[in-house]
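Summary of structural features
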Amino acid sequence: TKRTYVAEGLALSSGVKAAITEYYSVNGVWPVTNAEAGLTRGDHITGSSVSAIWIALGLGAQKGTLVKDVTNIVIYYNQKVIGSSTQAQLGTQPGYIGDARQNTIVLAPNVTNSSISSKPTIQWVCRAVDINRIKMRWLPASCRATIEDNL
């Protein structure tokens, strides 16, 4: 059941990924807020197990990279996943990934340039998880393989 709840957040992030990818493709820089990416407030992107999805600056897609000019997707989970009513502050946009620590999974972009087109290809990888609240076994295998940083 918990794996299904975690998967919900990853599925809800698909629209956020599309908006960020579009913004980056058009502007050549990462958006720094949900509004700049053309998204609603993060605490309005919710599901039965997801409290919010905000974007924040922070982790690069490559292991060992911590940068301040790359947009990350921060998925905040609620008590269905974390098992308590403790929730992170969801009403405000996190400015940097370090501000978004509790009850989260963080997705980071991996940008590659395609020789076929001039537009970059962006793949999203899991980069960090609050292992105090979200167990690794609840993550899809593809996500577990890319986790390095534990918030």
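1. With respect to the overall build of the protein chain
Secondary structure summary: the protein chain contains 3 helices and 5 strands in total. Ordering the α and β elements of the protein chain from the N terminus gives α-β-β-α-β-β-α-β. By residue count, 43% of the 151 residues in the protein chain fall in the buried class. A separation threshold of at least 6 residues defines the contact pool for the protein chain, and within that pool the share at least 24 residues apart is 58%. Accessible surface, the protein chain as shown: approximately 7200 Å² in total, 50% of it carbon and sulfur.

2. Examining the packing of aromatic side chains
The description of an aromatic ring pair uses the distance of the two centres, along with the angle that the planes make with each other. Counted by the stated rule, this structure contains 1 aromatic pair. Relative to Trp30, the ring of Tyr24 has its centre 4.0 Å away and its plane inclined at 20 degrees; by these criteria the two rings are stacked.

3. What about the state of the cysteines?
Applying the stated criterion across every chain, the model contains 1 disulfide. Through a disulfide, Cys126 is tied to Cys143; the S-S separation comes to 1.9 Å. Torsion about the S-S bond of the Cys126 and Cys143 cystine: about -110 degrees, corresponding to left-handed handedness. Of the two residues, Cys126 is situated in strand S4 (residues 120-129) and Cys143 in helix H3 (residues 141-144); the sequence distance between them amounts to 17 residues.

4. Brief notes about the nonpolar core
The biggest cluster of nonpolar side chains holds 30 residues, and the ones touching the most others in it are Tyr77, Ile105 and Ile134. The element that contributes the greatest number of residues to this core is helix H1 (residues 2-27), accounting for 6 residues. Apart from residues lying up to four places away in sequence, Tyr77 is in contact with Tyr5, Val6, Gly9, Leu10, Ser49, Val50, Ser51, Ile82, Asn103, Ile105 and Ile134. Core analysis: the second largest hydrophobic core is formed by 8 residues, Ala56, Leu59, Val74 and Tyr76 among them.

5. Quick word on the confidence of the model for the protein chain
When pLDDT is averaged along the protein chain, the result is 83; 77% of the residues meet or exceed 70. Looking at the elements of the protein chain, mean pLDDT is at its lowest for strand S5 (residues 149-150), recorded as 58, and at its highest for H1, recorded as 94.

6. Quick word on the environment of Gly15
Counting through the fold element by element, Gly15 comes out in helix H1. Along the sequence, Gly15 and Leu39 sit 24 residues apart, while their C-alpha atoms lie 8.9 Å from each other.

7. Observations regarding H1
An ideal rise of 1.5 Å per residue puts 38 Å on 26 residues; H1 measures up with 38 Å between its terminal C-alpha atoms. Along its length, H1 reaches its greatest deviation from straightness, about 35 degrees, at Ser14. Following H1 by one or two positions, Gly28 has its phi on the positive side, about 75 degrees.

8. Looking at the environment of Asp130
Inspection of the secondary structure puts Asp130 in the loop between S4 and H3. Sequence separation between Asp130 and Tyr76 is 54 residues, and the spatial gap between their C-alpha atoms is 9.9 Å. In terms of polar contacts, Asp130 uses its side chain to reach the backbone amide nitrogen of Asn103, at 2.7 Å.

Definitions and limits used
Along every chain, residues carry numbers that run from 1 in the direction the sequence is written. Reporting in this predicted model follows two pLDDT cut-offs: at least 70 for local features of residues, and 80 or more for side-chain atom pairs to be given and counted; totals over whole chains, interfaces and linings ignore these cut-offs and use all residues. Hydrogens and waters are ignored; side-chain quantities use all the structure's heavy atoms. For helices the rule is a DSSP run of H or I covering at least 4 residues; for strands it is a run of E covering at least 2, with both sets numbered from the N terminus onward. We call a residue buried when its accessible area falls under 20% of the maximum for its residue type, exposed when it is over 50%, and partly exposed in between, using a 1.4 Å probe and counting protein chains only. Residues are treated as being in contact if the distance between any of their heavy atoms lies within 4.5 Å. Only the protein chains shown count as cover for residues, and the accessible areas themselves come from Shrake-Rupley with a 1.4 Å probe. For Phe, Tyr and Trp, where Trp contributes only its six-membered ring, two rings pair if their centres lie within 6.5 Å, and the inter-plane angle classes them as stacked under 30 degrees, edge-to-face over 60, or tilted in between. Here, two cysteine sulfur atoms that lie within 2.5 Å of each other are counted as a disulfide. By convention a nonpolar core is built from buried Ala, Val, Leu, Ile, Met, Phe, Trp, Tyr and Cys residues, the set being connected through side-chain atoms within 4.5 Å. Think of pLDDT as the predictor's per-residue confidence, scored from 0 to 100. Expected span of a helix: the number of residues minus one, times 1.5 Å. A residue's bend is simply the angle between two axes: one fitted to the seven residues ending at it, one to the seven starting at it. In protein, a polar contact means a hydrogen-donor-capable atom and an acceptor-capable atom, both N or O and within 3.5 Å, with residues adjacent in sequence counting only if both atoms are side-chain atoms; elsewhere, any N or O pair within 3.5 Å suffices.

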